[in-house]
Structures are given as C-alpha cells and as structure tokens.
Amino acid sequence: MNPIPDARATGFGKLPISAIVNLVLAVLLSAWSGFFTMDFLLSGIYTWPRSSRVVTLTCAVIILVYEFIYKEHQTRHAAVTGIAPLHMVVYACMIPYMLGTLALLALINRG
C-alpha cells in the first residue's frame with residue numbers, strides 16, 4: 001500500500017521533472033556565464049566583439065532567468081513547493097553565477 005503524501009511537505013521534492021530540468025539547465029548556464037564574464041573582466045582585452053558577446057550573454061541570461069525560472073515558478077510551482085519565486089532565482093541562478101566567477105578565480109590562483 002502506498003502511503004499518502006504529506007500535504008504539508010514543501011521544497012524541491014514536489015517539483016515535476018520538467019521544472020527540475022529547467023533548474024539544472026539554469027544552474028549550468030548561470031555558472032558558465034559567471035565564469036565567462038569573469039574571464040572577460042580579468043583578461044583586460046576589451047575589444048568591441050568581446051564586449052558585445054558579454055553584453056549579449058548577460059542579457060540572454062537575464063531574460064532566460066526571468067522567463068523560465070521566475071515566471072514559471074511563480075505561475076506553476078510556488079504554491080506547491082512553498083518557495084518564493086525570488087528565492088528560486090537566488091538559489092538557481094545568482095549563487096551558481098557567483099560560484100562560476102569564484103571557480104575562475106580559484107583556477108587563476110592555482111596557476
């Protein structure tokens with residue numbers, strides 16, 4: 001006999017597979033974007049093509065975070081999980097972005 005799930009349980013365990021895939025992709029994209037942006041800032045080579053790539057990447061990440069993490073969580077999953085949409089943005093995008101920048105800094109300090 002299957003136990004009845006607790007209606008009070010909240011968190012990531014209540015998310016459907018599609019939301020989990022979105023979160024995994026958001027984490028990977030945010031970390032990669034942070035790594036690439038920090039690489040650009042520390043390189044000192046501020047040419048127009050490189051600058052436009054970083055600006056385009058930053059704008060794309062902001063749009064994707066808003067559309068696929070914030071709005072998606074706000075409309076579909078916030079009531080089920082009990083996690084505020086802005087907290088999802090922090091957990092799934094801002095923290096991985098900072099970890100991507102710190103990864104590059106750690107690689108530079110090792111070398």
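These figures come from a predicted structure and were not determined experimentally. (Residues numbered from 1 in each chain as written. Predicted model: local features only at pLDDT ≥ 70, side-chain atom pairs only at ≥ 80, totals over all residues. Heavy atoms only, no water.)

J.: Which parts of the structure should I look at to understand the pattern of salt bridges?
T.: Two side chains with opposite charge may pair up if their charged atoms get near one another. This structure, assessed with the given rule, holds two salt bridges. Notably, a salt bridge pairs Lys71 with Glu67, separated by 3.6 Å at the nearest N-O pair. Of this pair, Lys71 and Glu67 both sit in helix H2 (residues 48-81), four residues apart, roughly one helical turn. A salt bridge links Glu72 to Arg76, with the shortest nitrogen-to-oxygen separation between them at 3.1 Å. Taken together, the positions of Glu72 and Arg76, both in helix H2 and four residues apart, correspond to about one turn of that helix. (Salt bridge = Lys/Arg side-chain N within 4 Å of Asp/Glu carboxyl O. Helix = DSSP H or I, 4+ residues; strand = E, 2+ residues; numbered from the N terminus.)

J.: Which parts of the structure should I look at to understand the packing of H2 against helix H3 (residues 85-110)?
T.: The description of two helices packed together rests on the angle between their axes and the distance between the axes. Relative orientation of the contacting elements H2 and H3 amounts to 135°, with a least axis distance of 9 Å. In terms of orientation, H2 and H3 fall into the oblique class. H2 and H3 meet at a crossing whose hand is right-handed. For the pair H2 and H3, the contacting residues are Val65, Ile69, Tyr70, His73, Gln74 and Ala78 in the first and Pro85, Leu86, Met88, Val89 and Cys93 in the second. (Axes fitted to C-alpha atoms, helices over the stretch in contact; angles between N-to-C directions. Parallel < 35°, antiparallel > 145°, perpendicular 65-115°, else oblique. Left-handed = near helix turned anticlockwise from the far one by under 90°. Contact = heavy atoms within 4.5 Å.)

J.: When you look at empty space enclosed by the protein in this model, what are you seeing that I'm missing?
T.: Space left empty within the atom packing is revealed by a probe, the size of a water molecule, rolled over the atoms. For the structure shown, the criterion picks out one cavity of 30 Å³ or more. At the level of elements, helix H1 (17-43) and H2 are the ones that each hand at least two residues to the lining of the largest cavity. Looking at the lining of the largest cavity element by element, the count peaks at five residues for H2. The class makeup of the residues in the lining of the largest cavity is six nonpolar, three polar and one charged. (1 Å grid on protein atoms, 1.4 Å probe; cavity = no way out; pocket = protein on both sides within 12 Å on 5 of 7 lines; lining within 4 Å. Points joined across faces, edges and corners; volume = space filled by probe spheres on them. Nonpolar A, V, L, I, M, F, W, Y, C, P; charged D, E, K, R; others polar.)

J.: Would you take a moment to explain the side chain of Thr37 for this structure?
T.: Within the secondary structure layout, Thr37 lies in helix H1. When sequence neighbours within four positions are dropped, the list of residues in contact with Thr37 reads Val54, Leu57, Thr58 and Tyr97.

J.: Would you explain the packing of aromatic side chains in this entry?
T.: Two measures describe an aromatic ring pair: the distance that separates the ring centres and the angle between the ring planes. This model, assessed by the stated rule, comprises three aromatic pairs. With a centroid separation of 5.3 Å and an interplanar angle of 70°, the aromatic rings of Phe40 and Tyr46 are classed as edge-to-face. Arranged with centres 5.9 Å apart and planes meeting at 15°, the rings of Tyr66 and Tyr70 form a pair that is stacked. Placement of both Tyr66 and Tyr70 in helix H2 is noted, with a separation of four residues, approximately one turn of the helix. (Phe/Tyr/Trp six-rings, centres within 6.5 Å; stacked < 30°, edge-to-face > 60°.)

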